[in-house]
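# Architecture and fold: a report
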Amino acid sequence: MSMAQSVGLAHADETLPGPLLRVSDLNVSFTTERGTVRAVQGVDFSLRAGESLALLGESGSGKSVTGKTILGLTGSQGARVRGEIVFDGDNLVGWDEDRLNRVRGTDIAMVFQDSLDSLNPVFSVGAQITETLRVRGGLSREDARARALTLLRQVGIPDAEQRLGDYPYQFSGGMRQRICIAIAIALKPRLLIADEPTTALDVTVQAGILDLIRSLQQETGMALIFVTHDLSVARRVADTVAVMYSGRIVETGAIRELFRHPAHPYTEALLRSHPAAARHWEELAPIGGSAPDRADQVSGCRFHPRCPIARPECAESEPALLDIRPGHPSRCFFAEEVLNGTY
Amino acid sequence: MARIENTIATAPGDEPVLRVDDLHMHFKGRHGSQVRAVDGVSIEVRRGETLAIVGESGSGKSTLARALMRLIDPTSGRVYFHGQDLLALRKGQVRELRRNIQMIFQDPYASLHPLQTTSEIVTEPWRIHRGVVPRADFSRRVAELLSQVGLPQAYASMPPARLSGGERQRIAIARAIGLSPEVLVLDEPVSALDVSIQAQVIKLLMRLQQELQMAYVFISHDLALVRLIADHVVVMYRGRIVEQGTAEEVYSRPAHPYTQALLAAAPSLEEEDEDAIDEKATDPVLLDRGPSVDISVGCRFRDRCWRREARCDTDDPRLVRHEGVDHDAACHFAGEVARSGILNNGAGPARVTMTTTEGGAR
């Protein structure tokens, strides 16, 4: 990909609105000492340029594994992957490391929760950004420096010119995460995958970084997958959300629609248990129990043991993910009742 | 410290269980500089009451907590437990203090021994503080505690290794309340947990407080969460208290620009109401750049503040009650800031108009 190519909405070709990324029937399993763990089961979603999707779920829901598998990062952990991950027409499943490395960073980039600790402490941040630009972007020393400056300004580093020569320890945690975002977007990826990039940060800093990711995504027209366990975070960065539970998507749709009219009891329970949804602790409605650590140990609907409206049939067979409204599918036998509040 | 009037949750004349008076904790920094992690902080908390200490990394809130536990010895100041000066205690007496002031840490993965069983974890303090629970009663008392924190009895013989974060935090709570402490210091006790699990643990902690009438010192950077549980709120910034009052006062009429910024950044499920948020007050880069200003003169928050004026560079604002404000704030312009009623966010005032309807009420 040429570095001279302009950013902006050039990628969002309105005459060809095909998806940039299409994930179909994705299954990821791991072999552990306690047997096979099916971390992701039958996950489908697609994303066009400029769209943002939050993968929302608790620990063990499969949200992070889904994100990492798109970049082929679970292979080294012994994952077995079935299904299709079609990026820009190519199915990435089964690609070897060499081929994946050509996509990583250039077409699909990733920022992690602990990225801010992964900067090299003995090189200046300027050197770390220009290295990416020179080695992988093919830029000259001068061009790389100029672009590094632009990037640092773009991610909101004050006095960027004076700070190019500073080392990671001279920046706060939030500023280090901004630098990691600068490196991630340096080669103008078309898809950014962010895995809880603000979890370790203070709320003031977190809000700033979420707003930054949101505005970068809108400015550059890249697609965004944002992995989080926090509804309030998802609301701040994404247009659509896929709620995951125990390896499966249980509900998906436009985030506003889902928050106003959830059609799955799990989504509704997540909304009611969020601290921001109450004014006093007595109003909090926690979800009882915890998610199963082995999905296959639960029969029928995975959520039924914790579900406030479960009925006998929920333990017998698993509901399919079906449209309850156009573009708003839910995996619940009683989705209509949940949506209308009539259960 | 200015006394907080209108104390809601306690009977008049009720003495604080724990009182901290002008506490300083200074460390040696790089190149002989001095880091004032806690710089003249006074707080008090009463039986059955929750005092929330709010601030970001580097505010000194966790250092303060450690000084309360005497895990570190402060540079100066006094800590009183029922009027008794804790810093004057001898070693043996510190042990008795620790029985009465217990702490819950943020990370339930690091704070529990992975190879001990739950029963060993919970009973270990009783082997140190002899006489709290007679040995013959150990297993009966463990069973009681497990049921109090909502864990199955079978967990007694299991190590925490396979348990979830929420379950581990319940074990840590069982261990702490097993000593029947009067004060519980909670340092970000739910921020390492999934949001869906936070509500369970918060409800558990608050029910236990009602039942056992413990005083809570609850340390957090999450104002949405603090709003649900706090009677009093203390906002710290770089070692100092910048605002304090009842939860109602601080949330309805924040009088320090830093508190307003914290409120604006607090998690919310509401759709963004762009008009209600003043961009100057919540400029993300301003808030995120981290402190870089010399704190020996002037206001410590000035480099990140939208309301900065020349006098902020030279005059250190004191924590006082400004005219027209019903609680204390350390800002030269607290009255004006409180009236500006900037926020209308999930954690902020329910309505901006509260400023006008209740602003003068005392």
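Reading the values: the criteria
- Residues numbered from 1 in each chain as written.
- Chains lettered and ligands numbered in written order.
- Predicted model: local features only at pLDDT ≥ 70, side-chain atom pairs only at ≥ 80, totals over all residues.
- Heavy atoms only, no water.
- Helix = DSSP H or I, 4+ residues; strand = E, 2+ residues; numbered from the N terminus.
- Rg over C-alpha atoms; globule rule 2.2 N^0.38 Å.
- Contact = heavy atoms within 4.5 Å.
- Areas by Shrake-Rupley, 256 points an atom, 1.4 Å probe, with all protein chains shown as cover.
- Lys, Arg positive; Asp, Glu negative; His and termini not counted.
- Charge placed at Lys NZ, Arg CZ, Asp CG, Glu CD.
- Buried < 20%, exposed > 50% of the residue type's maximum accessible area, 1.4 Å probe, protein only.
- Buried area = accessible area lost by both parts, 1.4 Å probe.
- Polar contact = N/O pair within 3.5 Å; in protein donor to acceptor, adjacent residues only side chain to side chain.
- Nonpolar A, V, L, I, M, F, W, Y, C, P; charged D, E, K, R; others polar.
- Core = buried A, V, L, I, M, F, W, Y, C linked by side-chain atoms within 4.5 Å.
- Axes fitted to C-alpha atoms, helices over the stretch in contact; angles between N-to-C directions.
- Left-handed = near helix turned anticlockwise from the far one by under 90°.
- Salt bridge = Lys/Arg side-chain N within 4 Å of Asp/Glu carboxyl O.
- Expected span 1.5 Å × (residues − 1).
- pLDDT = per-residue confidence, 0-100.
- Pairing = 2+ DSSP bridges.

If you tally the helices and strands in chain A, you get 11 helices and 12 strands. The C-alpha atoms of chain A give a radius of gyration of 21 Å, which matches the 20 Å a tight globule of 343 residues would have. Relative to all contacts within chain A whose residues are 6 or more apart in sequence, the contacts with residues 24 or more apart total 64%. Total accessible area computed for chain A in this model is approximately 14,500 Å², and 48% of it derives from carbon and sulfur atoms. When the 36 basic and 42 acidic side-chain charges of chain A are each reduced to a single mean position, those positions are 2 Å apart.

Helices and strands together make up the secondary structure of chain B, namely 12 helices and 12 strands. When each of the 362 residues of chain B is scored for burial, the buried share is 59%. Expressed as a percentage of contacts within chain B between residues at least 6 apart in sequence, the contacts between residues at least 24 apart total 66%. Accessible area for chain B stands at about 15,100 Å²; split by element, carbon and sulfur atoms hold 48% of it.

This part covers the interface of chain A and chain B. With 48 residues of chain A at the interface, the matching set in chain B holds 42 residues. Counting the surface lost from both chain A and chain B, the interface buries some 3,900 Å², and carbon and sulfur atoms represent 57% of this. Our count for the contact surface shared by chain A and chain B stands at 10 residue pairs in polar contact (both at pLDDT 80 or more). Broken down by secondary-structure element, the contributors of at least two residues to the side of chain A that touches chain B are α6 (173-185), α7 (203-220), α8 (231-237), α9 (255-260) and α10 (265-273) of chain A. No other element matches the six residues that α7(A) contributes to the side of chain A that touches chain B. Grouping the constituent residues of the side of chain A that touches chain B by class yields 20 nonpolar, 14 polar and 14 charged.

Below, the discussion takes up the nonpolar core. In globular proteins that are soluble, nonpolar side chains generally tend to be buried together. Core analysis: the biggest nonpolar cluster contains 145 residues, and A:L133, B:I173, B:I202 and B:V233 have the highest contact counts within it. Among the elements that line this core, the one with the most residues is helix α6 (residues 195-212) of chain B, at eight residues. Among all residues touching B:I173, those that are not within four sequence positions of it are B:I104, B:V149, B:V201, B:L204, B:L205 and B:L208. Core analysis: the second largest hydrophobic core is formed by 33 residues, A:V43, A:L100, A:M110 and A:L191 among them.

Two packed helices can be described by the angle between their axes and the distance between those axes. Residues and elements named next belong to chain B. At their nearest, the axes of helix α3 (residues 118-128) and helix α4 (residues 138-148) sit 10 Å apart, and the two run at 115° to each other. Here α3 and α4 pass one another in a crossing that is right-handed. For the pair α3 and α4, contact is made by T118, S119, V122, T123, W126 and R127 and by F138, R141, V142, L145 and L146, respectively. For the contact of α3 with α4, the residue count by class is six nonpolar, three polar and two charged.

Here we come to the pattern of salt bridges. Residues and elements named next belong to chain A. This model, assessed by the stated rule, comprises 37 salt bridges over all chains. Residue E84 pairs with R22 through a salt bridge whose shortest N-O separation is 3.6 Å. Pair noted here: E84 is in strand β4 (residues 80-87) and R22 is in strand β1 (residues 21-32), with a separation of 62 residues, a long-range link. Of the residues examined, R22 reaches a relative accessible area of 34% and is grouped as partly exposed.

Glancing now at helix α3 (residues 125-136) of chain A. Residue and element names in this part refer to chain A. Given a rise of 1.5 Å per residue, 12 residues ought to cover 16 Å, and the 17 Å separating the end C-alpha atoms of α3 matches this to within 8%. Taken as a whole, α3 has its buried residues at V125, G126, Q128, I129, T130, T132 and L133. Summarising the contacts, the buried residues of α3 are in contact with α4 (141-154), α5 (160-163) and α6. The positive-phi residue at the C-terminal boundary of α3 is G138, with phi of around 70°.

The predicted coordinates ought not to be read in detail in places where the model reports low pLDDT. Residues and elements named next belong to chain B. Summing up the model confidence of chain B, the mean pLDDT is 84 and the portion of residues at 70 or higher is 84%. The model gives residues 274-278 a pLDDT under 50, and that stretch makes seven contacts with residues more than four places away or in other chains. Between residues 343-362, whose pLDDT stays under 50, and residues either more than four places distant or in other chains, the model counts 45 contacts. Interface scoring of the predicted complex returns ipTM 0.82; its pTM is 0.86.

Here we come to the sheet that holds strand β4 (residues 76-81) of chain B. Two strands in a sheet stick together by hydrogen bonds in their backbones, pointing the same way (parallel) or opposite ways (antiparallel). Residues and elements named next belong to chain B. Pairing is antiparallel across the open sheet formed by four strands, whose spatial order is β2-β1-β4-β5. Where the open sheet ends on each side, the last strands, each with one partner, are β2 (34-45) and β5 (84-85). Where strand β1 (residues 18-28) and β4 come together, five bridges link them in antiparallel fashion. Residue pairing across strands places H24 opposite S76, the latter belonging to β4. Strands in contact with helix α1 (residues 61-68) are β1, β2 and β4; relative to β1, the strand with the most contacts, it is inclined by about 115°.

The subject of this paragraph is the environment of A:D230. Assignment of secondary structure puts A:D230 in the loop between β8 (223-228) and α8. Look at A:D230 and you get buried, because its relative accessible area is 11%. Along the sequence, A:D230 and A:L270 sit 40 residues apart, while their C-alpha atoms lie 9.0 Å from each other. Here A:D230 is in contact with A:L56, A:H274 and B:V195, once residues within four sequence places are set aside.

With that out of the way, let us pick up the sheet that holds strand β8 (residues 215-220) of chain B. Residues and elements named next belong to chain B. Taking strand neighbours across the sheet as the criterion, the eight strands line up as β6-β7-β8-β3-β9-β10-β12-β11 in an open arrangement whose pairing is mixed. The open sheet has two free edges, formed respectively by β6 (101-104) and β11 (320-321), since each of these has just one partner strand. Where strand β10 (residues 240-246) meets strand β12 (residues 328-329), two bridges bridge the pair, whose relative direction is antiparallel. Looking at the pairing, Q244 lines up with D328 of β12. Helix α5 (residues 165-177) rests against β6 and β7 (183-187) of the sheet, and its axis sits at about 175° to β6.

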